[in-house]
Amino acid sequence: MNGHLLALYVVAVFLAMIAPGPDMMFVLATGARGGPRAGLLAALGAASSEIVQITAVAAGLSALFAAAPAAFTALRACGAAYLLYLGVQALRSARRGGAVPAAEAQAPVSGRYAYLRGFLTNLVNPKMVTFAVAFLPQFVDRGLGHVPLQFAALGVIFIAFEVLVDGTVGLTAGRLGGWLSRRRRARQALDAGSGAIMVALAGRLAFEAR
């Protein structure tokens with residue numbers, strides 16, 4: 001691989017990962033409600049979705065979207081709708097307020113639920129879709145050959161950052177879940193903040209999709 005392009009790619013991925021987005025907000029909320037295991041599984045679900053998307057890009061999805069812009073527009077519209085749904089749910093939770101009943105606070109979040117929701121949230125995440133389709137191919141040096149292997153290497157780096165950053169967020173939030181469940185204002189602030197960010201992202205995506 002081109003060493004210069006690789007260095008630029010690592011920096012770009014790191015900056016993309018630490019910027020709060022739908023994946024991080026969902027992992028944070030899941031970990032806070034379901035504990036460290038649920039938070040980690042949500043991050044692993046997001047990472048699994050990235051494997052699918054990067055594989056699709058390597059197989060020619062970027063060329064398809066370039067030839068059929070309507071397909072990308074439709075995908076962005078679906079992503080906006082799903083993000084809006086998640087945001088509204090979080091805002092409704094913040095509006096209800098009140099302390100979480102002890103039984104609910106201790107009820108574990110299904111690992112399957114956390115993983116699948118993490119997978120779906122990432123699948124329609126506009127940042128990830130745009131990154132995979134429009135950004136990732138820019139760091140492949142076709143002149144060096146072995147294009148699939150270059151995509152694979154870039155994908156491994158991206159997924160490693162995903163697990164490291166969002167996995168840490170999920171585990172940390174999980175350890176704070178008990179504290180949040182006993183503090184109404186802190187829980188409301190978390191729900192309101194994550195909900196507002198998701199709604200804003202949905203609005204921006206819907207506007208750009210026109």
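Residues numbered from 1 in each chain as written. Predicted model: local features only at pLDDT ≥ 70, side-chain atom pairs only at ≥ 80, totals over all residues. Heavy atoms only, no water.

## Observations regarding the overall build of the protein chain
Working step 1: Scanning the protein chain from terminus to terminus reveals 10 helices and 0 strands.
Working step 2: Starting at the N terminus and ending at the C terminus, the protein chain contains elements arranged as α-α-α-α-α-α-α-α-α-α.
Working step 3: Every one of the 210 residues in the protein chain was classed for burial, and the buried ones make up 42%.
Working step 4: For the protein chain, restricting intrachain contacts to residue pairs at least 6 apart in sequence, the fraction spanning at least 24 positions comes to 86%.
Working step 5: As presented, the protein chain carries roughly 10,700 Å² of accessible surface, and 69% of it is formed by carbon and sulfur atoms. (Helix = DSSP H or I, 4+ residues; strand = E, 2+ residues; numbered from the N terminus. Buried < 20%, exposed > 50% of the residue type's maximum accessible area, 1.4 Å probe, protein only. Contact = heavy atoms within 4.5 Å. Areas by Shrake-Rupley, 256 points an atom, 1.4 Å probe, with all protein chains shown as cover.)

## Regarding helix H7 (residues 111-123)
Working step 1: End to end, H7 covers 18 Å across 13 residues, agreeing with the expected 18 Å (1.5 Å per residue, within 8%).
Working step 2: Burial in H7 covers these residues: Gly 111, Ala 114, Arg 117, Gly 118, Thr 121 and Asn 122. On an axial view of H7, the arc spanned by its buried residues comes to 140°, and they lie on one face.
Working step 3: The N-capping residue of H7, defined by a side-chain oxygen 3.2 Å from the backbone nitrogen of Arg 112, is Ser 110. (Expected span 1.5 Å × (residues − 1). Arc of directions from axis to C-beta. Polar contact = N/O pair within 3.5 Å; in protein donor to acceptor, adjacent residues only side chain to side chain.)

## What about helix H3 (residues 36-58)?
Working step 1: Here H3 is 23 residues long and its end C-alpha atoms lie 33 Å apart, about the 33 Å a rise of 1.5 Å per residue gives.
Working step 2: Within two residues after H3, Gly 60 carries a phi angle of roughly 115°, on the positive side.

## Here we look at the nonpolar core
Within soluble globular proteins, side chains that are nonpolar generally end up buried alongside one another.
Working step 1: Core analysis: the largest hydrophobic core is formed by 20 residues, its most contacted members being Tyr 9, Val 13, Met 17, Leu 136, Phe 151, Leu 154 and Phe 158.
Working step 2: Elements with a minimum of two residues in this core: helix H1 (3-18), helix H2 (22-34), H3, helix H8 (126-135) and helix H9 (147-181).
Working step 3: The element contributing the most residues to this core is H9, with 6 residues.
Working step 4: In terms of nonpolar packing, the next biggest core, distinct from the first, is built from 7 residues, Phe 26, Ala 38, Leu 41 and Ala 42 among them. (Core = buried A, V, L, I, M, F, W, Y, C linked by side-chain atoms within 4.5 Å.)

## Overview of the packing of H2 against H7
Working step 1: Relative to each other, H2 and H7 sit at 165°, their axes nearing to 9 Å. Put simply, H2 runs roughly antiparallel to H7. Read as a crossing pair, H2 and H7 show a hand that is right-handed. Where H2 approaches H7, its residues Pro 22, Asp 23, Phe 26 and Thr 30 are matched on the opposing element by Ala 114, Arg 117, Gly 118, Thr 121 and Asn 122. (Axes fitted to C-alpha atoms, helices over the stretch in contact; angles between N-to-C directions. Parallel < 35°, antiparallel > 145°, perpendicular 65-115°, else oblique. Left-handed = near helix turned anticlockwise from the far one by under 90°.)

## Observations regarding the packing of H2 against H3
Working step 1: Across the interface, H2 lies against H3 with an axial gap of 7 Å and an inter-helix angle of 150°. Our classification of the angle between H2 and H3 gives roughly antiparallel. Of the residues in H3, those in contact with Asp 23, Phe 26, Val 27, Thr 30, Gly 31 and Gly 34 of H2 are Ala 38, Gly 39, Ala 42, Ala 43, Ala 46 and Glu 50.
Working step 2: Classifying every residue of the contact of H2 with H3 by side-chain character gives 6 nonpolar, 4 polar and 2 charged. (Nonpolar A, V, L, I, M, F, W, Y, C, P; charged D, E, K, R; others polar.)

## A word on a nonpolar patch on the surface
Working step 1: Taken together, the side chains of Val 11, Phe 14, Leu 15 and Ile 18 present a nonpolar region at the surface, about 360 Å² in accessible area.
Working step 2: Considering the arrangement of structural elements, one finds Phe 14 in helix H1. (Patch = residues over 30% accessible without salt bridge, like charges linked within 9 Å, V, L, I, M, F, W, Y side chains within 5 Å. Salt bridge = Lys/Arg side-chain N within 4 Å of Asp/Glu carboxyl O.)

## A few points about the environment of Leu 164
Working step 1: Within the fold, Leu 164 resides in helix H9.
Working step 2: Using a relative accessible area of 55% as the deciding quantity, one classes Leu 164 as exposed.
Working step 3: Sequence separation between Leu 164 and Met 17 is 147 residues; the distance between their C-alpha atoms is 9.5 Å.

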